[in-house]
Amino acid sequence: MDIHKAFHMKGGVGDNSYSKNSSLQKRVAERLKHITAWAIEEVFMSEKPKSLGMADLGCSSGPNALSNIKQVVEAVEKASRRMREAPPEFRVYLNDLHSNDFNTIFQGLPDLYRDLKRGGTNQPPLYIAACPGTFYGRLFPDHSLHFVYSSNSLHWLSTVPAGIYEKEGRSMNRKSIYISERSPPVVRKAYLEQFQHDFSLFLKSRSQELIRGGRMLLILLGRTLSDHAHCANSFLWELLYQSLAHLVAQGEIEEEKLESYDVHFYAPSKAELEDEVRKEGSFKTEMVEMVEMRDEDVSGSAVAKAVRSIQESMLAHHFGFGEPIFDKLFHHYALLIDREFAQRHVKSTTALLLLTKL
Ligand code: SAH
């Protein structure tokens, strides 16, 4: 299966869309927004470009892409006022896979322009373009960018690792959909190797596109424990596996179908991220942090809806589910998450990586 064709967040603005269910991701970006502002200000102050090129990689189709642009433009405007410099013109490239619903972003642009005008007296020219394609490869011309931003996207691998399949094509991870306590060591190794391959290709591609001194801020799900099975982000996959197993028990799906489902996701540790940056060699690490977050007010059904908007395309592709089964699956999933939240204090781990192009 070509993941780059099949995978997309649920488009539009309906109840189950990413647009309506991405507030958890927004909270992450909001909490780290002082770092985003600081990073872009530093680039502006050191390079003083007349035309500032920036890209949001994996922007998806919700309102988050526009709030990221707003944050960046406002931070640069503030810095330019402080330095008594004219603000630059902005070239903003929104990237996601080809099947992404870019139209929902475009429809929000008039409001963004209006908000920016209202906030500043000196609204700089802002040229926004969509740039579809995979970020595991080249997207932009040589040295055309000053700032690369990516939030909640780089934990998606380019593919389910080929190393988890036996010669006959059967998954060796039959009793889970991600790395769990039941996964054989070869599965962990295959996921790590896929992450290393993908992330180094990502770094290499961006190193050609950024100017020297350009910065890149990457925010993605990560893990603090060396063991995947016990890290907070894995429990969501474990509970999704249990919810799918519940459908098997009810005769809604065949066991074999579930055994062959695996996700193209990886939550790296701090050391795994640092190792790839060092090996690739084009970037200096300015900051690397693993931030633990827990929102007490988030319900199981809110998390279930967020995961549904993210996973629906892949589940539909593999299992051929229609709306009623999705409703059933995610209703059960929400119950399991609520039960887990009631029993223990689950925190999710976000990795933050700030790099400068050497
Ligand atoms: N940045 C947004 C959206 C995150 S959702 C936010 O913080 O809310 C993750 C997005 O990454 C999805 O839209 C998905 O399509 C995109 N994505 C995943 N793999 C990608 C790849 N290889 N190239 C480009 N985009 C990718």
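Everything here concerns the structure above.
Residues numbered from 1 in each chain as written. Predicted model: local features only at pLDDT ≥ 70, side-chain atom pairs only at ≥ 80, totals over all residues. Heavy atoms only, no water.

S.K.: Explain the overall build of the protein chain here, please?
M.R.: Counting secondary structure elements, the protein chain contains 11 helices and 7 strands. In terms of overall dimensions, the protein chain is globule-like: its C-alpha atoms have a radius of gyration of 21 Å, near the 21 Å expected for 358 residues. Projected onto its principal axes, the C-alpha coordinates of the protein chain cover approximately 65 × 40 × 35 Å. Counting the 358 residues in the protein chain, one finds 56% classified as buried. Across the protein chain, contacts joining residues at least 24 apart in sequence account for 84% of those joining residues at least 6 apart. Here the protein chain has roughly 15500 Å² of accessible surface; of this, 52% comes from carbon and sulfur atoms. On the protein chain, the mean spot of the 44 positive side-chain charges and the mean spot of the 46 negative ones are 5 Å from each other. (Helix = DSSP H or I, 4+ residues; strand = E, 2+ residues; numbered from the N terminus. Rg over C-alpha atoms; globule rule 2.2 N^0.38 Å. Buried < 20%, exposed > 50% of the residue type's maximum accessible area, 1.4 Å probe, protein only. Contact = heavy atoms within 4.5 Å. Areas by Shrake-Rupley, 256 points an atom, 1.4 Å probe, with all protein chains shown as cover. Lys, Arg positive; Asp, Glu negative; His and termini not counted. Charge placed at Lys NZ, Arg CZ, Asp CG, Glu CD.)

S.K.: Explain the packing of aromatic side chains here, please?
M.R.: Aromatic ring pairs are defined here through the distance separating the ring centres and the angle between the ring planes. Evaluation of the coordinates by the stated rule reveals 18 aromatic pairs. Taking 4.9 Å as the distance between ring centres and 80 degrees as the angle between the ring planes, the aromatic pair formed by F135 and Y136 counts as edge-to-face. Judged on exposure class, the residue F135 and its partner Y136 are both buried. Arranged with centres 4.9 Å apart and planes meeting at 5 degrees, the rings of F319 and F321 form a pair that is stacked. Judged by its relative accessible area of 11%, F319 falls in the buried class. The class of F321 is buried, set by a relative accessible area of 10%. (Phe/Tyr/Trp six-rings, centres within 6.5 Å; stacked < 30°, edge-to-face > 60°.)

S.K.: Can you walk me through the pattern of salt bridges in this structure?
M.R.: A side chain of one charge can pair with a side chain of the opposite charge if their charged atoms are brought near each other. Scanning the model with the defined rule gives 28 salt bridges in all. Here E41 ties to R82 by a salt bridge, and the two come within 3.0 Å at their closest N and O atoms. Highlighted residues: E41 in helix α3 (residues 33-47) and R82 in helix α4 (residues 64-83), separated in sequence by 41 residues. Classification of R82 as partly exposed rests on a relative accessible area of 49%. (Salt bridge = Lys/Arg side-chain N within 4 Å of Asp/Glu carboxyl O.)

S.K.: Looking at this model, I keep getting lost on empty space enclosed by the protein. Mind explaining?
M.R.: Left-over empty space is what a probe sized like a water molecule reveals as it rolls over the atoms. For the structure on display, the rule yields 2 cavities of 30 Å³ or more. Here the second largest cavity is characterised by a volume of approximately 40 Å³. Lining the second largest cavity, in full, are K26, A29, E30, N64, S67, N68 and Q71. A total of 4 residues in the lining of the second largest cavity trace back to one element, the largest contributor, which is α4. Among the residues forming the lining of the second largest cavity, the class breakdown is 1 nonpolar, 4 polar and 2 charged. (1 Å grid on protein atoms, 1.4 Å probe; cavity = no way out; pocket = protein on both sides within 12 Å on 5 of 7 lines; lining within 4 Å. Points joined across faces, edges and corners; volume = space filled by probe spheres on them. Nonpolar A, V, L, I, M, F, W, Y, C, P; charged D, E, K, R; others polar.)

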